[in-house]
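Spelled out from the first residue to the last, the chains are:
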Amino acid sequence: MAKSKWAVDASHSSIDFSVRHMMIAKVKGTFHSFEAQIEADATDLSSADIHFQVDIGSIDTRNTDRDAHLRSADFFDSEKHPTMTFQSTQVTKTGDGEYALTGDLTIRGVTRPETFEVTFEGTGKDPWGNEKAGFSAVGSIKRADFGLTYNAALETGGVLIGDEVKISIEIEAVGQPS
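Keep in mind it's a predicted model, so treat the numbers as computed, not measured.

> Looking at this structure, how should I read the overall build of the protein chain?
Summing up its helical and strand segments, the protein chain has one helix and 11 strands in all. Overall, the protein chain shows an N-to-C arrangement of helices and strands of β-β-β-β-β-β-α-β-β-β-β-β. Against the compact-globule benchmark of 16 Å for 178 residues, the protein chain has a radius of gyration of 17 Å, which places it among compact chains. In the protein chain, buried positions account for 40% of the 178 residues. Considering only contacts within the protein chain whose residues lie at least 6 apart along the sequence, 56% involve residues at least 24 apart. Working note: accessible area of the protein chain is about 9700 Å², and carbon and sulfur atoms make up 50% of it. Here the protein chain carries 17 positive and 28 negative side-chain charges, and the mean point of each set is 4 Å from the other.

> Could you clarify how one ought to interpret a positive patch on the surface in this entry?
A surface patch of positive charge is lined by Arg20, Lys26, Lys28, Arg62, Arg66 and Lys166. Locating Arg66 in the fold gives a position in helix α1 (residues 64-71).

> Help me understand the pairing of strand β5 (residues 44-55) in this model?
On a regular strand, one side chain projects to one face of the sheet and the next to the other, so that they alternate. Examined bridge by bridge, strand β4 (residues 34-41) and β5 share seven bridges and lie antiparallel to one another. By the bridge assignment, Ala36 is partnered in β5 with Phe52. Where β4 folds back onto β5 in an antiparallel hairpin, the turn is made up of two residues. In this sheet, strand β7 (residues 83-95) lies alongside β5 in antiparallel orientation, the contact comprising five bridges. Bridged to His51 within β7 is Gln87.

Rules used throughout
Residues numbered from 1 in each chain as written. Predicted model: local features only at pLDDT ≥ 70, side-chain atom pairs only at ≥ 80, totals over all residues. Heavy atoms only, no water. Helix = DSSP H or I, 4+ residues; strand = E, 2+ residues; numbered from the N terminus. Rg over C-alpha atoms; globule rule 2.2 N^0.38 Å. Buried < 20%, exposed > 50% of the residue type's maximum accessible area, 1.4 Å probe, protein only. Contact = heavy atoms within 4.5 Å. Areas by Shrake-Rupley, 256 points an atom, 1.4 Å probe, with all protein chains shown as cover. Lys, Arg positive; Asp, Glu negative; His and termini not counted. Charge placed at Lys NZ, Arg CZ, Asp CG, Glu CD. Patch = residues over 30% accessible without salt bridge, like charges linked within 9 Å, V, L, I, M, F, W, Y side chains within 5 Å. Salt bridge = Lys/Arg side-chain N within 4 Å of Asp/Glu carboxyl O. Pairing = 2+ DSSP bridges.

Purely geometric numbers; function is a separate question.
Rendered as structure tokens:
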């Protein structure tokens, strides 16, 4: 396939995360509002150009008070930094349909290179004739690297919130007319 433009089908895509809580469990969440500009040959991402923009205000951990705290200056400071962005800088093929996607991730005004493992899940036409492509991505970041350092010591030792944030992304993209 030739390199073409793809738009994320948000109703069939997700950006999810998990982080350790009290050293004994994990809290999971998602971002409901995001968009991406993708220019790629879906079957060979080696030359892909990928840009994501995530609306921090759309964070959802299934707890209204926690979500409000995450949007506050203690964490994302969404009033000053309403979006999180990712711009690809390098895509390396690591296996059949497998890639290492490196790019500049910006959270709370801090930009750092991060790498995600991407799997090409396949292409096909939907019942209306639209070309679709599926991708999965996983990775992890250290929240302290982006200034997300709020925490509390536990009486039993350890901290309330882990530093490692695991990220899981599922994307269904639709090909755009030339």
